[in-house]
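An overview of the molecular structure
Spelled out from the first residue to the last, the chains are:
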Amino acid sequence: MARVVGRLTLLTEVSTLLTQGAAVAPRGPAGIGKSALLDALEEGHRERHDALVLRANGAPAEHGLPYAALQDLVDQLPVDLRGTLPALAAPVEDDRLRSALCGRFRALLDEASRTRPVLVLLDDAQWLDPHSACVIGYGRRRVASRVGLVATVGPVPEPDRGIDLSDLHELEVPPLDAAEMIELLAAHGVPAHVAQRLHVESGGLPSLALALGGAAREQPLLLGRPTPLPASLERVLRDRFLAQDHEVRTTLSVAALLHRPTVRQLERAGRVEAEAHVRAAAEAGLLTRAGDTLRFAPTELGRVVSEATPAVRRAAWHRTLAEVAPGTAERVRHDALADPRPDAALAREVAVAARASATAGHRSIATELYLLAADRAPAELLTERVEWLATAVETGAPGNHADLVHRALDDFLREDACPAQMVRVRLALPELAGSGVAAMDEVLTAALTDAGEDDRLVAMVLLQRSRVALMESRPAESSRLAERAAGLFRCAGDRVAEASALTTLAVAARWTGAGTHDDHLAAALALVPPTAPAQPGLTHTSPAYIAARFALYDDRLEEAWAAFLAMLARVERGAGMDQVHVLRCLVEVGVRVGRCREAMAYAARAAQVGEEFGLDPHTGWFISALAELAGGDLGTARTLAERGALAAEERGDTRYLQRHLLVLGQAELRSGDAAAARASLERIRRIEQTHGISDPTVNRWQPELVSALVALGAPEDAAAVLAQARAALDGRSGTEGAGAQLDRAEAELLCATGDLDAAVHLIERAVKVCADVGMRVDLGRLLLTRAHVERRARRAAAARATLEAAEAVFAELHAEPWLTEVRAELAPDPVASAGDPMLGRLTDTEARIAQLVCQGSSNRQIAERLHLSVKTVEAALTRIYRKLDVRSRTQLATLLVPAPAE
């Protein structure tokens, strides 16, 4: 059967129902992929079953053409079976004609299905002419055991269907999920981070996403500027809207006028049947719904719908909506939109509401209100107008409200703004998602020119450049710029800005291992105490946030957890990026302390926020991958990390590239691909070496690389990595947790080289540290390593008892991937059930190695599977050959009965 992305389960279900004699009706909105589903069924049945496939398509223009679809089906029959239909000269409503056609079509299906399967496919069956529908249904039901029928059904008011296929088994064709959409669009050259946005915009409709994807390829994003709809797609969407029932169109027109439409708001505006209208619009693929909140698919459809409504009618609806608005912000918004004429009093009222909304964290409506205030400002408010436009950009950019930001920016650039306003606007623009490094550099260069000789403005630009340097993992450059910015802010007497610069300086100093990070952070906290509220949208650059990050680096995990939970409550209604940063930190802490279920829940929230605000998806993919690694699915974690690493590299976000590579390396290592893990982790090492990053507490790739090198039989390289990491930690406080992770990795190295007593000593030391600081997942990992040491020492009972202890730890933490790994090791050994007497001559380890050789595993794969070094496997094979009197792997495989592959 032909492969259709994301539809394997549905295709399987359809095929199963067909074998049971059911008539199947996949249904869903236009563009959901129903026709592609029929294409796959047609190809599969022709190729695999040598079936005769008859297919007809319904169309609105042919709905009133009697027996058109029936004639199409008959024309596809083999020539020797077609015969002739009864003459259609009689009136089409003649019951005798209908009876004759029913009988003849049944006979044709009966004869055709005697020698081969017959499958009838009807696309858009709701538009079949009712005469054909009656005859087809009658004939198919009489030979249902030999003739299958699949009829796709699209949205159309029930009375207009005219289908007489009463035994349809309906199946909903669901929207594609994000992963499926990325796979679909990748085949059309759309990058994963763009495909993620298109998934949200399209509501999961494949045809809409493909159309939007073509536009995105032709007009790449620049500083987050939205891609306009192609004219052809806009016409299709408008026609689809105009095809709806009048009442549905009216409800959609009202929804398009609301800032964030909900069913309840529509009902307050007098659309008492809003629930039914929304359901009809969703079936037509015009809306998506999350709870009570509605979203046009794509977002630009809201503009198309609004423009299709006469201006006078729009103004009247705005006046009505103002009367029933649930709050001040919504009321003044509708008041302003009801009358486009300049009005000084209204402009000032709207600006006041904008400021209140921004303070409350409602950035989207605040940005729109600032823009409306500027639009309604008369000539005498020119100064205020320019300031409102600048503030609209500043307010909207951190929330990624790209359309509003660019509308404000276009108007702002036409005004005579002062240098301070120009700098503020330029510094806000890089906060938009989709801002590439090259575009940011261009904007910041222009901002520095605008700043001129004003030290404070220059410092603002330097601080933004410093943050960009951190994103690119260039801490030395970031430190230099932040230090200059802090000095200039100090001279200007701007304590809050100085604290922000010192905070950035502290991060850069931590990464480079300069040892001054705590001093810089303490100075920042002295200027802005942790209890002081952060500037909306900049929580993730505040001293309090970085203090909590440092607590995470130092494994003061309960302190970090409490701090980030408190921050989450403050940013929940604010800028999307602030929310994602705080949620990411909660996931990072959660996977270390073993709050795996909570980590999964916070990752899901971060993904939802990212979709809502249109943020760069590689940030959300990292958060989800990290949570999956601890509490979800190892394969999913690897896929997300691979995708995220590619997207981060494309965006020039080296910091997130490192994060993704760490998760990817861990997933590869735990999947048994130590060579790939080594490659991923060594990319992080090269980045750090290139940019002077030397603090092992930040990224913590060193223990994972040691494990990969041990599995690959490279103990000298592993020892070198350990020595360098320990040297960087030497003499520092707050590094006990990172040291315990290095102890575990060194224990694996000692186990592979045969120093088992030293390995046990390190494990016991690390267990105490992990228990003290609350690193519960690492505690389970240490037990797993201890079990491998016991197995190496041939203490089978001790190894099993330790594995069972690790199982209990991971089960309590809901660390599902680790639990799966431990239970696989606890499962009965396939060697024991192989029943080959030759294995009795070998030790347990030798028997396992021999069986894996018979399954085709290489020495390296065996080493990874059994947690041994390659040299140990080679030595064991030499003994096996001697004991069994064979000279090669081929002879060994011939001699033994291989156990089934795991």
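Remember, it's a predicted structure, so these values are computed and weren't measured experimentally.

With respect to the sheet that holds strand E2 (residues 52-57)
Strand order in this open sheet of five strands is E2-E3-E4-E1-E5, and the pairing throughout is parallel. Among the strands making up the open sheet, the edge pair consists of E2 and strand E5 (168-172). Strand after strand, the sheet turns through a mean of 20 degrees between neighbouring axes, direction not considered. Pairing of strand E1 (residues 23-27) with strand E4 (residues 147-151), which is carried by two bridges, proceeds in the parallel orientation. If you follow Val 24 over to E4, its bridge partner there is Val 150.

Details of empty space enclosed by the protein
Counted by the stated rule, this structure contains six cavities of 30 Å³ or more. If you go around the largest cavity, you meet 35 residues; those closest to its centre are Arg 467, Met 471, His 540, His 581 and Tyr 656. Here the lining of the largest cavity is composed, by residue class, of 16 nonpolar, ten polar and nine charged. For the second largest cavity, the calculated volume is near 540 Å³. Forming the walls of the second largest cavity are 29 residues, and the residues nearest its centre are Val 591, Arg 592, Leu 626, Leu 662 and Gln 666. For the lining of the second largest cavity, the secondary structure elements donating two or more residues are helix H27 (543-553), helix H29 (576-593), helix H31 (617-631), helix H33 (654-670), helix H35 (696-699), helix H36 (702-711), helix H38 (736-753) and helix H40 (776-792). Classifying every residue of the lining of the second largest cavity by side-chain character gives 13 nonpolar, five polar and eleven charged.

Re the nonpolar core
Nonpolar side chains tend to gather and get buried jointly when the protein is soluble and globular. In terms of nonpolar packing, the biggest core is built from 174 residues, with Val 150, Leu 252, Leu 266, Phe 296, Phe 564, Val 587 and Val 589 touching the most fellow members. For this core, the element with the most residues is H29, which contributes ten residues. Those residues in contact with Val 589 that sit more than four places away from it in its chain are Leu 552, Leu 557, Ala 560, Trp 561 and Phe 564. One finds Val 350, Leu 372, Leu 381 and Val 425 within the second-largest nonpolar core, a separate group that totals 38 residues.

Digging into the packing of aromatic side chains
Scanning the entire structure with this criterion turns up five aromatic pairs. Sitting above the plane of the Trp 621 ring, Arg 643 keeps its charged end 5.2 Å from the centroid. Sitting over the ring of Tyr 656, Arg 659 keeps its end group 4.7 Å from the ring centre.

Examining the pairing of E1
Side-chain direction in a regular strand flips from residue to residue, so the side chains alternate between the two faces of the sheet. Counting buried residues in E1 gives five out of five residues, a clear majority hidden from the surface. A two-sided burial pattern is seen for E1, the buried positions comprising Ala 23, Ala 25 and Arg 27 on one face and Val 24 and Pro 26 on the other. Direction of pairing for E1 relative to E5: parallel, over a ladder of five bridges. Bridge pairing in E5 places Ala 25 opposite Glu 170.

Scoring rules and cut-offs
Residues numbered from 1 in each chain as written. Predicted model: local features only at pLDDT ≥ 70, side-chain atom pairs only at ≥ 80, totals over all residues. Heavy atoms only, no water. Pairing = 2+ DSSP bridges. Helix = DSSP H or I, 4+ residues; strand = E, 2+ residues; numbered from the N terminus. Axes fitted to C-alpha atoms, helices over the stretch in contact; angles between N-to-C directions. 1 Å grid on protein atoms, 1.4 Å probe; cavity = no way out; pocket = protein on both sides within 12 Å on 5 of 7 lines; lining within 4 Å. Points joined across faces, edges and corners; volume = space filled by probe spheres on them. Nonpolar A, V, L, I, M, F, W, Y, C, P; charged D, E, K, R; others polar. Core = buried A, V, L, I, M, F, W, Y, C linked by side-chain atoms within 4.5 Å. Buried < 20%, exposed > 50% of the residue type's maximum accessible area, 1.4 Å probe, protein only. Contact = heavy atoms within 4.5 Å. Phe/Tyr/Trp six-rings, centres within 6.5 Å; stacked < 30°, edge-to-face > 60°. Lys NZ or Arg CZ within 6 Å of the ring centre and 35° of its normal.

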